[in-house]
Amino acid sequence: MLSTRLSTLRLPSRPLAVNGLRILWVLVVLWHELRAFDWALQSCLWPDSEQAQLPNSRVARILVIADPQVLDEHSYPERGAFMSFLTQLMVDLNLRKSWRAAFHHLQPDAVVVLGDMMDNGRKSMSTTEYENYHQRYRDIFKAYKRPVPTYYLPGNHDVGLGASASFSLEADSRYTSHFGPRNHYTSVGNHTLVFIDATALAEEDVLRAGRGHSFDSWPAVRYGPIEFVKQIAASHSGGSFVLFTHIPLARPQNASCGPLRERGTIRQGFGFGYQNTLMEGATVFLLDRLKPSLILSGDDHDYCDYQHIIPSTNTSVREVTVKSFSIAMGVRRPGFQLLSLISTVPLDDSLNQVPVLPPLDTPCFLPDQIGIYLQVYLPLTVLSLAFLLLCNVLWSTQRVRGTKRDRSRTRMSYHGFSRGVGGHRRSRSADAHYEMDHPSSLPLPISKPRNVDFGFAWWKGRWWTSVFCRCKRGIQRRRIPSLPHRSSYRHEVGVLCAFTKDALNVAWPAASVFVVAAWWAMQR
């Protein structure tokens, strides 16, 4: 009953079904590969845009990203060469699309990268390999004909943390020659942006604590982070500090990170080449010496908003751990942070600027690229294949039924014709008897010899002739039951071949659009 109802459904024609799916797939791919990133950032606005414009104000807008961790062939050794290459290609493509959308939509005045620029920047490799690796990073995060100042700080994947034979002895010199100093600062108005080498701070803090020194009595490592913090705290007593650190500051084990975090929280922990947070002593040292108005950190890959208490003043300060910019870091929706620094110029045209508002910041989130693959492309693929398979089965069923109907009509016509022919034979037989009794005066043609039967005349008209013909018809009828099996096999093979052809016809335009969009994103 169900098969009968399905076979009578009004189906679209094959060209209409195939071309309709083609158009649908091309539109879906174009949207998710080219427009979804721009659309996701439509609601991403600079935090100062919600503030009233002050007279003589100056706004510095800074785009802050964390842990892009550009992959290389050693990032996933267990996946094999081909899968590693494919993973690297897809992650690079996502980074390019994300960076282009963020840069063009937001037009920042400056960019801060909170470390871990390259996934294996600390790994032992030749100079040529490192240069090619670094060039890939620069090619992804290019300024698009509008150069802006970019500030970096080292992460544990850039220079390493702890000792390991796999870490390059040239990691420090390579970092400083390609990204800049490990500890540095810059001023924007009366805001001072402080960039701390948190990996070196964690290592020096272990040495200090192991030797039983306080931070005041500790003979700081020359050009190290502790010496740098002491010097900048002493020389910049006015204004506000905005602290940038790769490793988050210490906090209680079960401290909440707020509703924007995807899962879990930040807990203290150690492992091969990493440390989840700074130790309590280093955290108190930074808070007391700098008294920052805002702290921005990375390394954790997920978002976290936590309030620290500065012991010396008993005031609170926010630390925002910025989401990773990469889809390969365990978060479904990568992100970044927007920082607005507002200062005013006094009416007497003094060169000094006075900050009138604390730093303003807000998070922004990028599309869920893994979700696009798993929740858009995969279900649409399954539905498209199911639709094509159902259509091919029904098309074939309706065609077979139509063929059987035509055959039955042909048989009926044939039987009617046979009956007519039989009557005609009988009439011809009567005419033949008449001609035998009344021979024609016209002679037979010369080409038809008379009375030539090649010795088979005795067969004609005998009783066994009818018996043989009946046996032959019976044998042919007995062979008929084996025909449906061969016919159904050919029917199934024909359906599968047609289904495969239709699926390929639907797939190749969408695949071509995806490849062209990827190439276009790579070239821009």
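The preceding data block contains the structure.
For the structure given in this document, a descriptive report is provided here. (Residues numbered from 1 in each chain as written. Predicted model: local features only at pLDDT ≥ 70, side-chain atom pairs only at ≥ 80, totals over all residues. Heavy atoms only, no water.)

**Here we look at the overall build of the protein**
Here is step 1: Within the protein one finds 12 helices and 14 strands.
Here is step 2: For the protein, the residues scored as buried account for 42% of the 524 residues in total.
Here is step 3: Put simply, 76% of the contacts in the protein that link residues at least 6 apart link residues at least 24 apart.
Here is step 4: Total accessible area on the protein is roughly 29600 Å²; 60% of this is exposed by carbon and sulfur atoms. (Helix = DSSP H or I, 4+ residues; strand = E, 2+ residues; numbered from the N terminus. Buried < 20%, exposed > 50% of the residue type's maximum accessible area, 1.4 Å probe, protein only. Contact = heavy atoms within 4.5 Å. Areas by Shrake-Rupley, 256 points an atom, 1.4 Å probe, with all protein chains shown as cover.)

**Observations regarding the sheet that holds strand S9 (residues 294-297)**
Strand pairing in a sheet takes place through backbone hydrogen bonds and is either antiparallel or parallel in direction.
Here is step 1: Reading across from one edge, S4-S5-S6-S9-S11-S10 is the order of the six strands in this open sheet, with mixed pairing throughout. One side of each edge strand has no neighbouring strand; the edge strands of this open sheet are strand S4 (184-188) and strand S10 (304-310). Recorded for the sheet is a direction-independent mean angle of 20 degrees between the axes of neighbouring strands.
Here is step 2: Across seven bridges, the pairing between S10 and strand S11 (residues 315-321) is antiparallel. Opposite aspartate 305, over in S11, you have valine 320 as the bridge partner.
Here is step 3: Across the sheet, helix H8 (residues 225-235) is in contact with S4, strand S5 (191-196) and strand S6 (240-245); its angle to S5 comes to roughly 170 degrees.
Here is step 4: Docked against the sheet, helix H9 (residues 280-290) engages S5, S6, S9, S10 and S11, running at close to 70 degrees with respect to S10. (Pairing = 2+ DSSP bridges. Axes fitted to C-alpha atoms, helices over the stretch in contact; angles between N-to-C directions.)

**A look at unusual backbone geometry**
Here is step 1: The backbone of aspartate 116 sits at a positive phi, close to 55 degrees, despite the residue not being glycine.
Here is step 2: In this structure, asparagine 314 takes a positive phi of about 55 degrees despite not being glycine.
Here is step 3: With respect to the element layout, asparagine 314 can be found in the loop between S10 and S11.

**Observations regarding the nonpolar core**
Here is step 1: Counting 38 residues, the largest nonpolar core has Tyr137, Phe141 and Phe336 as the members making the most contacts within it.
Here is step 2: Per-element accounting of this core gives the leading share, seven residues, to helix H3 (residues 80-106).
Here is step 3: The residues touching tyrosine 137, leaving out its near neighbours within four places in the chain, are Pro68, Val70, Val113, Met117, Met118, Tyr152 and Phe179.
Here is step 4: In this structure, Leu161, Phe215, Ile226 and Ile295 belong to the second largest nonpolar core, which totals 26 residues. (Core = buried A, V, L, I, M, F, W, Y, C linked by side-chain atoms within 4.5 Å.)

**Quick word on the environment of leucine 11**
Here is step 1: Structurally, the position occupied by leucine 11 is in the loop between helix H1 (2-7) and helix H2 (14-40).
Here is step 2: A residue is classified by how much of its surface remains accessible, and leucine 11, at 24% relative accessible area, is partly exposed.
Here is step 3: Along the chain, leucine 11 and leucine 394 lie 383 residues apart, while their C-alpha atoms are 8.2 Å from each other.

**Comments concerning the side chain of aspartate 502**
Here is step 1: Looking at where aspartate 502 falls in the secondary structure, it is placed in helix H12 (residues 483-523).
Here is step 2: Judged by its relative accessible area of 4%, aspartate 502 falls in the buried class.
Here is step 3: For aspartate 502, the contacting residues outside a window of four places in its chain are Arg14, Val18, Leu388, Asn392 and Trp395.

**Thoughts on the state of the cysteines**
Here is step 1: All chains considered together, the criterion is met by two disulfides.
Here is step 2: One disulfide bridge connects cysteine 44 with cysteine 364, the sulfur atoms lying 1.8 Å from each other. The sign of the 85 degrees torsion about the S-S bond sets the cysteine 44-cysteine 364 disulfide as right-handed. Taken together, the residues cysteine 44 in the loop between H2 and strand S1 (57-65) and cysteine 364 in strand S14 (residues 360-365) connect sequence positions 320 residues apart. (Disulfide = S-S within 2.5 Å.)

**Considerations on the pairing of S6**
Here is step 1: Among the six residues of S6, six are classified as buried, and the element is accordingly described as predominantly covered.
Here is step 2: Of the two faces of S6, the one holding Ser240, Val242 and Phe244 and the one holding Phe241, Leu243 and Thr245 are both buried throughout.
Here is step 3: Here S5 runs beside S6; their pairing, made up of six bridges, is parallel. Bridge pairing in S6 places isoleucine 196 opposite threonine 245.
Here is step 4: Relative to S9, S6 is paired through four bridges, and the arrangement is parallel.

**Let's talk about the environment of proline 367**
Here is step 1: By the element assignment, proline 367 lies in the loop between S14 and helix H10 (369-437).
Here is step 2: Taking the relative accessible area as the measure of exposure, proline 367 reaches 8% and is therefore buried.
Here is step 3: Considering only alpha carbons, one finds proline 367 and phenylalanine 37, 330 residues apart in sequence, at a separation of 6.1 Å.
Here is step 4: In this structure, proline 367 is in contact with Ala36, Phe37, Ala40, Arg332, Arg333, Pro334 and Ile372, ignoring residues within four places of it in sequence.

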